[in-house]
There are 2 protein chains.
Amino acid sequence: MQSIQPYQELINSELQKRLELIQEPNGLYEPCKYILRNGGKRVRASLVLLATKMFVSDYEKAIPVALAFETFHNFTLIHDDIMDDADIRRNQPCVHIKWNTNTAILSGDAVMILAYTFFEEAGAQAFSIFSLLNKTAMEVCEGQQYDIDLEQAALTDAITNEEMYIRMIELKTSVLVAACLKAGAIVGGASADDADKLYEIGRKIGIAFQLQDDILDTYGNVETFGKKIGGDIAENKKTYLVISALNNLNESDKQELIRLYAQKSDDAQKYTQVRALFDKVQVLEKATTEMNTLFEEAHEILNSLSVADAQKMELRTFIEELRTREF
Amino acid sequence: MQSIQPYQELINSELQKRLELIQEPNGLYEPCKYILRNGGKRVRASLVLLATKMFVSDYEKAIPVALAFETFHNFTLIHDDIMDDADIRRNQPCVHIKWNTNTAILSGDAVMILAYTFFEEAGAQAFSIFSLLNKTAMEVCEGQQYDIDLEQAALTDAITNEEMYIRMIELKTSVLVAACLKAGAIVGGASADDADKLYEIGRKIGIAFQLQDDILDTYGNVETFGKKIGGDIAENKKTYLVISALNNLNESDKQELIRLYAQKSDDAQKYTQVRALFDKVQVLEKATTEMNTLFEEAHEILNSLSVADAQKMELRTFIEELRTREF
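Every chain is numbered independently, its residues counted from 1 as its sequence is written. Chain letters and ligand numbers both follow the written order, the letters beginning at A and the numbers at 1. Totals for whole chains, interfaces and linings use every residue, but because this is a predicted model, local features are given only for residues with pLDDT of at least 70 and side-chain atom pairs only at 80 or more, for both listing and counting. Remark: hydrogens and water are excluded; side-chain values derive from all non-hydrogen atoms of the structure.

**Digging into the overall build of chain A**
Put simply, the rule is: A run of H or I in DSSP becomes a helix once it reaches four residues, and a run of E becomes a strand once it reaches two; helices and strands are each numbered from the N terminus. Both definitions apply: the radius of gyration is a C-alpha atom measure, and the globule rule equals 2.2 Å times residues to the power 0.38. We call two residues contacting when some pair of their heavy atoms lies within 4.5 Å.
Looking only at helices and strands, chain A has 16 helices and two strands in total. For 327 residues, the compact-globule estimate of 2.2 N^0.38 gives 20 Å, and the C-alpha radius of gyration of chain A, at 20 Å, lies within 12% of that figure. Once the C-alpha set of chain A is aligned to its principal axes, its extents read approximately 60 × 50 × 35 Å. Put simply, of all contacts in chain A between residues at least 6 apart along the chain, 73% involve residues at least 24 apart.

Here it is, written out as structure tokens:
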């Protein structure tokens, strides 16, 4: 993510400054600092700053808003990791593993409140962004609920369909990316039309990013992907690929796929058989087309923004970095 | 709570109106509505409205702020009940019992975001109250952490002292009551001095209320108290009473008290023996004096407010209702 590196560094140092001021009780704040300092790519905060810079040069004024959205994202990670029973996050033990579930609940709450506290620095003039933050925060919770609903549903349930899956990833991931771009635009004094367009760009690249995640996990190159290929199939994860296959295979192939998903297994045979069924109904092509369409639509909207082309370059590069990633 | 009844009814109907608008996903919002509709006395919201009415007649304009604080309080109940492993809340199963822990985590998060969403209705002019809400929310988390720290500490640990206990209940309970009164005052256009005084009144009555809880649980009248006397002693709960006793008993009595607290037991003998040790160092008198001093100081501050005496009557009555409660 070359394109956002300067923003990442700025966010890290601004966050660090604020975290140093927070002290007692240590039992509450140590886990908060642990997740907030354990980095990640700061994509959301960077997108706020990048969007502001499209419209004004002193983009630093968007730092409080950027920190608020980034911190909100980290809150969701703490609580989602409990719900998803995850062990590792960014190569480190999750908060509920390193400490315990109660600590992860409470420090997650504190991180969410911290997000709103950072937002406070933006002042009363940022009130319209406050609404956007609230709306987005609630949608992210809705996305998590749809994720739970979908994971608990049978492969044959009516809700296990592509539309529902796209809606879930839209709420769980992409509305936050969208809100970051829009919030940055608002801080930069963009017109309502441009701000809405940036929201739409974020929404599309967020969904495309998740589709790409599904594609890479099954069809990626192990050397560039950095982890084992086929993890989603081994875990019976409901991805766009399996849902698309289920809705397109003939009845006997569909039953075969359901049979293969009856047990979790990282057996190579399961992977090969499932992939063969995926290939029968071209799920890779379908998912890739869907993803590329979204990336292209994002580029088109970006081209239509009412700023000089030079101001669009950073976001254009960022979208291309996303589109061409192999990890 | 005769004094706040009209406010309670208004809050119930205003909350109900807003909850009806919230629909899908049901898996997320049903638990949110369950806790928010399952009432409670709406003390916090009522105190916001009551404080506004001390300064202006159209106190209804404080409804969004009142709903925000009340809703925030309900969020803390959902998550605290998980952490405290509680089963029953307001005579109904807790959210994590009726559903499960993951549902309680996620719907708790949604209730907190809902609090901020209700706050949004107050508009940009309420920005100073937004700061107060954030600060208070973080302090409530700190209070919960101190509560956990204190519960996990040994009776002989240095942190098991009266000062720490008072600090814990101040953060866990009384700052929210304080913030409600101050927020109501700000909406009513009170001077900074009057608003700060109302905060101080809330802080004092909040602490006094918790001390009274401890007193009633050990020394209350079973008929008026409505539940078994001695529950805190049976559960080895660290109350003001036992902490005060530990710090005032001679060494051999202290060891005896520690021995009695080695096991949880609702045996009448344990209760009688513990109470005898409490009585040896007059913990009832100490706690009662501390509590009464706080209530009296609250009255004095109320008397010094720069509004007509008639405007003080409701809060005066409320404080007296608290002070003389036997349940």
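**Some remarks on the interface of chain B and chain A**
The test is simple: Once two parts are brought into contact, the accessible area they lose, counted with a 1.4 Å probe and summed over both, makes up the buried area. Definition used for salt bridges: Asp or Glu carboxyl oxygen within 4 Å of a side-chain nitrogen of Lys or Arg.
On the chain A side, the residues contacting the 37 residues of chain B number 37 residues. Interface area, chain B with chain A, both sides summed: about 3,500 Å², of which 73% is carbon and sulfur. Across the chain B-chain A interface, the total number found is zero salt bridges. Of all the secondary-structure elements, those providing two or more residues to the side of chain B that touches chain A are helix H2 (26-37), helix H4 (63-83), helix H6 (101-120) and helix H7 (127-152) of chain B. At 13 residues, the largest contribution of residues to the side of chain B that touches chain A is made by H7 of chain B.

**Considering a negative patch on the surface**
Put simply, the test is: What goes into a patch is any residue over 30% in relative accessible area without a salt bridge, connected to like charges within 9 Å or, for nonpolar side chains (Val, Leu, Ile, Met, Phe, Trp, Tyr), within 5 Å. Surface accessibility in these figures is a Shrake-Rupley result with a 1.4 Å probe; residues are shielded only by whichever protein chains are displayed. We score Asp and Glu as negative and Lys and Arg as positive, and we do not count His or the chain ends. We put the charge of a Lys on NZ, of an Arg on CZ, of an Asp on CG and of a Glu on CD. Categorising residues by exposure relies on relative accessible area from a 1.4 Å probe, with only protein chains included: less than 20% of the type maximum marks a residue as buried, more than 50% marks it as exposed, and the intermediate range marks it as partly exposed.
On the surface, Asp 84, Asp 85, Asp 87 and Glu 151 of chain A cluster together into a patch of negative charge. On the basis of relative accessibility, which here comes to 62%, the residue Asp 85 of chain A falls in the exposed class.

**Remarks on the relation of the copies chain B and chain A**
Stated precisely, the cut-off is as follows: For the least-squares superposition of copies, only C-alpha atoms count, and only for residues with pLDDT at least 70 in both.
You can overlay chain B on chain A at an RMSD of 0.0 Å; the transform is a turn of 180° with a shift of 0.0 Å along its axis. Read as a symmetry element, the transformation amounts to a two-fold axis. Using C-alpha coordinates, one finds that chain B approaches the rotation axis most closely at Ala 124 of chain B, a distance of 2.8 Å. Most of the interface of chain B is mirrored in chain A, where 100% of its interface residues again form contacts.

**Considerations on H7 of chain B**
For clarity, the threshold we go by: What a helix is expected to span follows from its residue count: subtract one and scale by 1.5 Å.
In this model, H7 of chain B (26 residues) spans 38 Å end to end at C-alpha, consistent with the 38 Å of a helix rising 1.5 Å per residue. Burial runs high along H7 of chain B: 19 of the 26 residues are buried.

**Focus on unusual backbone geometry**
All names here are of chain A. Residue Pro 25 is reached from Glu 24 by a cis peptide bond, and omega for that bond is -5°. Note on placement: Pro 25 falls in the loop between helix H1 (5-20) and helix H2 (26-37). For Arg 42, which is not glycine, the phi torsion reads 55° and is therefore positive. Inspection of the secondary structure assignment puts Arg 42 in the loop between H2 and helix H3 (43-55). The exposure class of Arg 42 is buried, given its relative accessible area of 3%.

**Thoughts on the pattern of salt bridges**
Residue and element names in this part refer to chain B. Applying the stated criterion across every chain, the model contains 38 salt bridges over all chains. Linking Glu 14 and Lys 17 is a salt bridge whose minimum nitrogen-to-oxygen distance equals 3.2 Å. Of this pair, Glu 14 and Lys 17 are both found in helix H1 (residues 5-20), three residues apart, which corresponds to roughly one turn of the helix. The class for Glu 14 is buried, based on a relative accessible area of 11%. As a salt-bridge pair, Asp 309 and Arg 316 come within 3.0 Å of each other at their nearest N and O atoms. On the basis of relative accessible area, Asp 309 is assigned to the partly exposed category, the value being 44%.

**Quick notes on the packing of helix H9 (residues 192-219) of chain A against helix H16 (residues 313-323) of chain A**
Residue and element names in this part refer to chain A. Quick note on the threshold: Helix axes are fitted to C-alpha atoms over the stretch in contact, other axes to C-alpha atoms as well, and angles between N-to-C directions run from 0 to 180 degrees. Geometric relationships in this document are graded by angle, where less than 35 degrees denotes roughly parallel, more than 145 denotes roughly antiparallel, 65 to 115 denotes roughly perpendicular, and other angles denote oblique. Crossings are sorted by hand: turned counterclockwise from the far helix by less than a right angle, the near helix makes the crossing left-handed, and turned clockwise it makes it right-handed. Think of it as three bins: nonpolar holds Ala, Val, Leu, Ile, Met, Phe, Trp, Tyr, Cys and Pro, charged holds Asp, Glu, Lys and Arg, and polar takes everything else, Gly as well.
Relative orientation of the contacting elements H9 and H16 amounts to 15°, with a least axis distance of 10 Å. Our classification of the angle between H9 and H16 gives roughly parallel. Relative to H16, the crossing made by H9 is left-handed. Only Leu 315, Phe 318, Ile 319, Leu 322 and Arg 323 of H16 make contact with H9, whose side of the interface consists of Leu 198, Ile 201, Ile 205, Phe 209 and Gln 212. Tallied by class, residues from the contact of H9 with H16 come to eight nonpolar, one polar and one charged.

**Section: the packing of aromatic side chains**
Residue and element names in this part refer to chain A. Heads up, the rule is: Ring pairs shown here join Phe, Tyr and Trp side chains whose ring centres sit within 6.5 Å, with only the six-membered ring taken for Trp; geometry is labelled stacked below 30 degrees between planes, edge-to-face above 60, and tilted in between.
In this structure the tally under the stated criterion is 20 aromatic pairs over all chains. With 5.2 Å between their ring centres and 80° between their planes, Tyr 34 and Trp 99 make a pair best called edge-to-face. One end of the pair, Tyr 34, is in helix H2; the other, Trp 99, is in the loop between helix H5 (95-98) and helix H6 (101-120), and 65 residues separate them in sequence. With a centroid separation of 6.0 Å and 80° between ring planes, the pair formed by Tyr 116 and Phe 130 is classed as edge-to-face. Placement of Tyr 116 in helix H6 and of Phe 130 in helix H7 (residues 127-152) is noted, with a sequence separation of 14 residues between them. Residue class for Phe 130 comes out buried when judged on its relative accessible area of 0%.

**Some details on helix H15 (residues 283-303) of chain B**
A rise of 1.5 Å per residue sets the reference length of H15 of chain B, with its 21 residues, at 30 Å; its end C-alpha atoms lie 30 Å apart and thus fit the reference within 8%. For H15 of chain B, the secondary structure elements touched by its buried residues are helix H9 (192-219), helix H12 (240-246), helix H14 (268-280) and helix H16 (309-323) of chain B.

**Things to note about the environment of Thr 324 of chain A**
All names here are of chain A. The condition that has to hold: Whenever two N or O atoms come within 3.5 Å, that pair is a polar contact, provided that in protein one can donate a hydrogen and the other can accept it, and provided that, for residues adjacent in sequence, both atoms are side-chain atoms.
With respect to the helices and strands, Thr 324 occurs in the segment after H16. The exposure class assigned to Thr 324 is partly exposed, which follows from its relative accessible area of 47%. Taking C-alpha positions, Thr 324 is 22 Å from Cys 180, a pair spaced 144 residues apart along the chain. Of note is the side chain of Thr 324, whose polar atom sits 2.7 Å from the backbone oxygen of Glu 320.

**Side note on the packing of H2 of chain A against H7 of chain B**
Contact pair H2 of chain A / H7 of chain B: the axes reach a minimum separation of 8 Å and the direction vectors enclose 115°. Counting all contacts with H2 of chain A, which are made through Gly 27, Leu 28 and Tyr 29 of chain A, the residues of H7 of chain B involved are Met 138, Cys 141, Glu 142 and Gln 145 of chain B. Residue classes in the contact of H2 of chain A with H7 of chain B are distributed as four nonpolar, two polar and one charged.

**Concerning the environment of Ala 195 of chain B**
All names here are of chain B. By secondary structure assignment, the location of Ala 195 is in helix H9. Taking the C-alpha atoms as reference points, Ala 195 and Ala 179, separated by 16 residues in sequence, lie 9.5 Å from one another. Each residue touching Ala 195, except ones within four places of it in the same chain, is listed here: Lys 182, Ala 185, Ile 186 and Ala 190.

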